[in-house]
Amino acid sequence: MKIEILTIFPGMLESPFRESMIRRAMDRGLVEIEVIDLRSFTTGRHRQVDDAPYGGGRGMIFKPEPLFRAVESLQERGESRARVILLTPQGRTFNQEMARELSREKRLLLICGRYEGVDERVREALVDDEISIGDYILTGGELAAAVVVDAVVRLLPGFLDEESVTEESFSGSLLEYPQYTRPPVFRGMAVPPVLLSGDHAAIARWRRKQALLRTRERRPDLFAKAVLTPEDRRLLEEEL
Ligand code: SAM
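Residues numbered from 1 in each chain as written. Predicted model: local features only at pLDDT ≥ 70, side-chain atom pairs only at ≥ 80, totals over all residues. Heavy atoms only, no water.

(A) Structural context of the nonpolar core. Residues Ile 3, Ile 5, Phe 94 and Val 153 are the most contacted members of the largest nonpolar core, which totals 31 residues. Within the residue set of this core, elements represented by two or more residues are strand 1 (2-7), helix 2 (20-27), strand 5 (83-93), helix 4 (96-102), strand 6 (107-112) and helix 6 (142-153). Broken down by element, this core gets its largest block of residues, eight residues, from helix 6. With near-sequence residues (within four places) excluded, Ile 5 lies in contact with Leu 13, Phe 17, Ile 33, Glu 34, Val 35, Ile 36, Leu 110, Cys 112, Ala 145 and Val 149. Counting residues in hydrophobic clusters, the runner-up holds 20 residues, among them Leu 38, Val 49, Val 71 and Leu 126. (Core = buried A, V, L, I, M, F, W, Y, C linked by side-chain atoms within 4.5 Å. Buried < 20%, exposed > 50% of the residue type's maximum accessible area, 1.4 Å probe, protein only. Helix = DSSP H or I, 4+ residues; strand = E, 2+ residues; numbered from the N terminus. Contact = heavy atoms within 4.5 Å.)

Take a look at the structure:
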């Protein structure tokens with residue numbers, strides 16, 4: 001997969017992709033990430049990317065010309081057309097299902113806004129998808145782009161083993177069960193005995209039950225969407 005990110009602050013995206021497992025995915029050729037300075041698509045001495053909003057009001061807006069020039073020339077140079085995504089608080093709220101959907105694309109082009117946002121014509125003519133990472137306002141789209149890239153790259157085939165991806169929170173509309181590691185007792189807090197039993201069937205049942213209880217308690221919205229098996233219902237009834 002190829003991911004291109006357009007920003008006026010390329011430095012903000014250096015460290016998230018230079019460290020850790022995303023770096024390893026790049027080194028292994030699973031993904032190529034290119035951070036591109038939007039200012040290199042400006043004309044004029046001042047390399048201006050923004051201008052005042054028509055109709056008045058505070059703040060500045062990204063002008064259409066540099067973004068049109070950037071997206072059009074990036075689309076032309078690639079072998080396949082990129083899916084163009086604008087990071088914006090007005091977009092669809094990002095979730096694991098969207099990450100999975102994006103992980104199937106060959107090429108993504110993310111646009112990071114700044115100031116008061118981008119000229120509406122950019123949305124209308126250039127953008128395929130608008131994504132928000134939550135109901136709050138950031139100063140720019142760079143951190144949102146890093147979140148989307150991180151969630152998408154870890155789903156690329158070969159990044160993690162299948163089991164970790166299918167067992168973790170949200171994969172089946174449930175939160176993950178509690179996890180423990182050594183020591184077996186820490187400051188008087190003991191690991192549930194079943195996890196030390198070596199009985200794999202009992203461990204699987206315990207984990208499923210914990211995932212069900214945890215989701216019902218913390219995320220009733222997710223729990224309402226979960227498809228429960230008769231065994232799940234039995235595990236829940238044990239609690240009553
Ligand atoms: N005035 C804009 C509005 O109300 O929609 C907000 C602009 S915000 C200060 C600047 C930029 O940060 C946006 O263009 C967008 O790229 C990014 N941004 C802010 N909050 C975001 C969020 N929750 N999700 C994704 N991007 C966000």
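So that's the structure; there's more coming.
(B) Local environment of the environment of Arg 207. Locating Arg 207 in the fold gives a position in helix 8 (residues 200-218). Arg 207 sits in the partly exposed class, given a relative accessible area of 28%. Through-space distance from the C-alpha of Arg 207 to that of Leu 195 is 9.2 Å; in sequence the pair is 12 residues apart. Each residue touching Arg 207, except ones within four places of it in the same chain, is listed here: Tyr 177, Gln 179 and Leu 195.

(C) Quick peek at helix 10 (residues 230-237). Residues of helix 10 that are buried include every one of Asp 232, Leu 235 and Leu 236, and no others. Within helix 10, the buried residues cover an arc of 100° as seen down the axis, which keeps them to one side. Projecting away from the buried face of helix 10 at angles above 90 degrees are the exposed residues Pro 230 and Glu 237. Contact partners of the buried residues in helix 10: helix 8 and helix 9 (220-225). (Arc of directions from axis to C-beta.)

(D) Region of the structure containing the side chain of Thr 88. Counting through the fold element by element, Thr 88 comes out in strand 5. Every residue in contact with Thr 88, bar those within four places of it in the chain, is listed here: Arg 123, Glu 130, Ile 131 and Ser 132.

(E) Geometry of the site of the ligand. Leu 87, Gln 90, Gly 113, Tyr 136 and Leu 138 are the nearest of the 20 residues found near the ligand. The backbone of Tyr 136 places a nitrogen or oxygen atom 2.8 Å from a nitrogen atom of the ligand. Starting from 590 Å² of accessible surface for the ligand in isolation, the protein chains cover 86%. Elements with a contribution of two residues or more to the shell around the ligand: strand 5 and strand 7 (129-132). When grouped by side-chain class, the residues that make up the shell around the ligand number nine nonpolar, nine polar and two charged. (Near = heavy atom within 4 Å. Polar contact = N/O pair within 3.5 Å; in protein donor to acceptor, adjacent residues only side chain to side chain. Areas by Shrake-Rupley, 256 points an atom, 1.4 Å probe, with all protein chains shown as cover. Nonpolar A, V, L, I, M, F, W, Y, C, P; charged D, E, K, R; others polar.)

(F) Molecular detail of unusual backbone geometry. Note that the residue after Arg 182, namely Pro 183, is joined by a cis bond; omega there is 5°. Tracing the backbone shows Pro 183 in the loop between helix 7 (162-167) and strand 8 (185-186). Positioned with a positive phi, Ser 20 is a non-glycine residue whose angle comes to about 60°. For Ser 20, the position within the fold is in helix 2. Even without glycine at this site, Arg 47 takes up a positive phi of about 50°. When you line up the elements, Arg 47 lands in the loop between strand 2 (32-37) and strand 3 (50-51).

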